[in-house]
Amino acid sequence: MDFELRRAREKLDKEQRERKERAKLKLDRERKAKEEAKKQRDAIEAAQRSRRLDAIEAQLKAEQQMGESLLAGRGVVFYKILEAVPFQGSGDKIKLPPSCFTELSDQGAFDKGPMYFQLSLVHQEGSSATKDDDKENNRTTHSGVLEFTADEGSVAIPPHVWSNLFPVDAPNIPLVEVRYVRLSKGTYAKLQPDGIGFSDLPNHKAILETSLRQHATLSQDDVLTVKYGELTYKLRVLELKPSSSISVLETDIEVDIVNPGVESERTDQYVLKPLAFGASESGLVEEGNYMYYKFSIDDDTWEKLVSDDVKIEVKIDAEANGGDTDLYVSKHPLIFPNRHQHEWSSHDVGSKTLILSSKDRNLGTGTYSLAVYGFKGTTKYQVSVHVQENSKHKVGQQATHSSSMEVDTVECRNCKHFIPSRSIALHEAYCSRHNVVCTHAGCGIVLRIEEAKNHVHCDKCGQAFHLGEMEKHMKVFHEPLRCPCGVVLEKEDMVQHQTSDCPLRLITCRFCGDMVQAGSSAMDVRDRLRGLSEHESICGSRTAPCDSCGRSVMLKDMDIHQIAVHQKN
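Residues numbered from 1 in each chain as written. Predicted model: local features only at pLDDT ≥ 70, side-chain atom pairs only at ≥ 80, totals over all residues. Heavy atoms only, no water.

1. Description of the overall build of the protein chain
When you go through the protein chain residue by residue, the secondary structure sums to 14 helices and 33 strands. When burial is assessed residue by residue, the protein chain has 35% of its 569 residues classed as buried. Pairs at least 24 apart in sequence give 64% of the contacts found in the protein chain among residues at least 6 apart. If you sum the accessible surface of the protein chain, you get close to 34,400 Å²; carbon and sulfur atoms cover 50% of it. (Helix = DSSP H or I, 4+ residues; strand = E, 2+ residues; numbered from the N terminus. Buried < 20%, exposed > 50% of the residue type's maximum accessible area, 1.4 Å probe, protein only. Contact = heavy atoms within 4.5 Å. Areas by Shrake-Rupley, 256 points an atom, 1.4 Å probe, with all protein chains shown as cover.)

2. Comments concerning the sheet that holds strand S19 (residues 352–356)
The strand order S14-S21-S16-S19 describes an open sheet built from four strands, whose pairing is antiparallel. One side of each edge strand has no neighbouring strand; the edge strands of this open sheet are strand S14 (280–285) and S19. Across this sheet, the average inter-strand angle for adjacent strands is 20°, counted without regard to direction. Sheet topology places S14 next to strand S21 (residues 379–389); six bridges connect them, and they run antiparallel. Across the sheet, residue Val285 finds its bridge partner in S21, namely Thr379. Of the strands in this sheet, strand S16 (310–318), S19 and S21 touch helix H6 (residues 299–306), which is tilted by about 105° from S16. (Pairing = 2+ DSSP bridges. Axes fitted to C-alpha atoms, helices over the stretch in contact; angles between N-to-C directions.)

3. What about unusual backbone geometry?
Following Lys241, the chain continues into Pro242 via a peptide bond in cis, with omega recorded as 15°. Backbone geometry places Asp221, a non-glycine residue, at a positive phi of 75°. As for its placement among the helices and strands, Asp221 is situated in the loop between strand S8 (217–219) and strand S9 (223–228). By relative accessible area, Asp221 is classed as partly exposed at 38%. One non-glycine residue with positive phi stands out, namely Glu250, at about 50°. Following the sequence through the fold, Glu250 ends up in the loop between strand S11 (245–247) and strand S12 (254–257).

4. Some thoughts on the side chain of Ser330
Examined against the element boundaries, Ser330 turns out to sit in strand S17 (residues 324–331). For Ser330, a relative accessible area of 0% corresponds to the buried category. When sequence neighbours within four positions are dropped, the list of residues in contact with Ser330 reads Pro337, His342, Glu343, Trp344, Tyr368 and Ser369.

5. Observations regarding the nonpolar core
Counting residues in hydrophobic clusters, the biggest one holds 30 residues, and the most contacted among them are Leu201, Leu208, Leu218, Val226, Tyr228, Tyr233 and Phe336. Listing elements by their share of this core, those giving two or more residues are strand S7 (188–193), helix H5 (204–212), S9, strand S10 (231–241), strand S15 (290–297) and strand S20 (366–376). The biggest single contributor to this core is S10, with five residues. With 23 residues, the next largest nonpolar core counts Leu96, Val155, Leu165 and Phe166 among its residues. (Core = buried A, V, L, I, M, F, W, Y, C linked by side-chain atoms within 4.5 Å.)

6. Quick word on the sheet that holds S12
One open sheet accounts for four strands, arranged S9-S10-S7-S12; its pairing is mixed. Of all the strands in the sheet, the pair left with one neighbour each is S9 and S12. For this sheet the average axis-to-axis angle between neighbouring strands, irrespective of direction, equals 35°. Taken together, the six bridges between S7 and S10 define a ladder with antiparallel strand orientation. Each residue of the ladder has a partner; that of Ala189, found in S10, is Leu240. Contacts between H5 and the sheet are confined to S7, S9 and S12, with S9 contributing the most and set at about 110° to the helix.

7. With respect to the packing of aromatic side chains
In this structure the tally under the stated criterion is 13 aromatic pairs. Ring geometry for Phe78 versus Phe117: centroids 5.8 Å apart, planes at 70°, classification edge-to-face. Of this pair, Phe78 sits in the loop between helix H1 (2–73) and strand S1 (79–86) while Phe117 sits in strand S3 (residues 116–121); the two residues are 39 residues apart in sequence, bridging distant segments of the chain. For the pair Phe78 and Phe117, a shared accessibility class is recorded, and that class is buried. Residues Tyr290 and Tyr292 carry aromatic rings whose centres are separated by 5.7 Å and whose planes lie at 15° to one another, so their mutual orientation is stacked. Across the pair, Tyr292 and Tyr290 agree in class, each one buried. Taken together, the ring pairs in this structure connect Tyr290, Tyr292, Tyr328, Phe336 and Tyr373 into an aromatic cluster. The ring of Tyr188 is capped by Lys241, whose NZ or CZ atom sits 5.1 Å from the centre of that ring. (Phe/Tyr/Trp six-rings, centres within 6.5 Å; stacked < 30°, edge-to-face > 60°. Lys NZ or Arg CZ within 6 Å of the ring centre and 35° of its normal.)

8. What about the UniProt feature "domain: TRAFD1/XAF1 zinc finger" (unreviewed entry) in the protein chain?
Annotation from UniProt places "domain: TRAFD1/XAF1 zinc finger" (unreviewed entry) at residues 532–562. Counting secondary structure, residues 532–562 comes out at 35% helix and 19% strand; the distance between its end C-alpha atoms is 19 Å. (UniProt positions renumbered as here; feature names shortened; annotations may be inferred.)

9. Points about the pattern of salt bridges
Within the structure shown, the criterion is met by 16 salt bridges. Salt-bridge contacts for Arg213 lead to Glu209; the nearest nitrogen and oxygen are separated by 3.7 Å. A relative accessible area of 34% places Arg213 in the partly exposed class. Across the pair Asp557 and Arg530 runs a salt bridge whose closest N-O atoms are separated by 2.9 Å. (Salt bridge = Lys/Arg side-chain N within 4 Å of Asp/Glu carboxyl O.)

10. A look at the pairing of S10
A regular strand places its side chains on the two faces of the sheet in alternate fashion. When S9 meets S10, the two strands line up antiparallel, connected through six bridges. Bridge pairing links Thr225 to Lys234 in S10.

11. Overview of the environment of Cys461
On the secondary structure map, Cys461 appears in the loop between strand S26 (455–457) and strand S27 (464–466). The exposure class of Cys461 is partly exposed, given its relative accessible area of 35%. On a C-alpha basis, the gap between Cys461 and Phe477 in space is 9.4 Å, while along the polypeptide they are 16 residues apart. With residues near it in sequence (within four places) discarded, Cys461 still touches His473 and His478.

12. Comments concerning the environment of Gln88
By secondary structure assignment, the location of Gln88 is in the loop between S1 and strand S2 (93–95). Look at Gln88 and you get exposed, because its relative accessible area is 74%. Sequence separation between Gln88 and Ile157 is 69 residues; the distance between their C-alpha atoms is 8.3 Å.

13. A look at the pairing of strand S6 (residues 175–181)
Among the seven residues that make up S6, six are buried, leaving the element largely enclosed by the rest of the structure. One ladder, built from six bridges, connects S3 with S6; its direction is antiparallel. The residue of S6 that forms the bridge with Ser120 is Glu177.

The following block contains the structure:
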């Protein structure tokens, strides 16, 4: 009986312990569930609070941007994020989609004068750029607008704006923020060439002015590209007034061009090294490259040249190391003579001398450029320019020489020279054994028999040369040259072509005074009859006030206006 009671009590105790444990476990689960629910509620409330803060911040930012846009656009609000695509154009004018035209027109932007836009890079997630490149990623520049023909969702950007927005490689899908702004007219700009050589250009400020005519804006830290013929110069914008971004349309800007920094001394551009009369300069030129020098003829030297008292001798002494050079000389404003464009040249093998005298119609006072061209191999040379006196015979010497000609002479049947009759037999016997006459038509030069094998004539032009000079003559004068305009000609025809016919030739514009490409024939028949080039026809269409009556007259019609209206020649 006691055993059964004990077992019943143990069973009851066990059941009570199990109920207590289940109740405890249930309480623990409920407590944990309440804690988890509380955490979830806190997280939801935190997320909602964060979204509310983000919405408020976004609203404040949008209101700030709207205020900035209203302030920058002076009542016109235009803000777009567009995909940047490059197009080949000059200047800084971009192309926008037609929808932008409608949006700007609805706000009256076209009534406020020229339109300017601020272009900024849009930072994209996943970009490989690091924090060190944040300055480059946040590049901002300004531009005008060329037309509204770009594809929707994109903005077409010319090379000048592209290179300033993307100094390094552009992302796969470059996004640009385009914002309408108003800019003040510029009054001052400080520019610094990236390399030396730009200041050597004649009237380089006029060249810069011509380049800026294709621009609507300038921004600080931008790099401005200026082309002079086939050469390209880059100038960094250091300072602008009255603000860091200005308009360059219809305004006079004072421009300071400072010297390149020490770090910019190395350059791939051509540089004119000064060359004084009587001094020599040493140099090393590689095949296909040029080394340039400059010298000047002043009034005193020119007076001596005109009186035939002196002559200018340009000389190159080259070391016989297997290399060879060519010599080209031109008068400014053609400052970088080359194989295609020059006024004087020498192509002798080895050392060479070029004589300039007053008989040359292109010679006069001014500055001249001298080019040493590496024709073959790497050549070490010395170049010099001398003023040499012309040698004059004395009267007594001339009289003695004249008296000697009165001796009875006979023409040699071999060399055709006139020999005193008393020694003609001896001379002809010796001459026939040792001399031979070149049989080429028009030559007739007398040569030693051992030299005759090296005396050859060009099959194309008939000129006589030493056998060792023929290879260079054929390569220089008869190898076809390709002009940048696409024409293929031999050297002499190429020089003539680039002097008078090539649309890419550099001319001095009679209206802007700049050295520019001539272009093709003028579109206007009257301008063609006046002899105006394509550039001069366009440049001369600009107006200026007449000095006599103040009327606005096209520059190309100013002379006719002066004659017809004011009877001035």
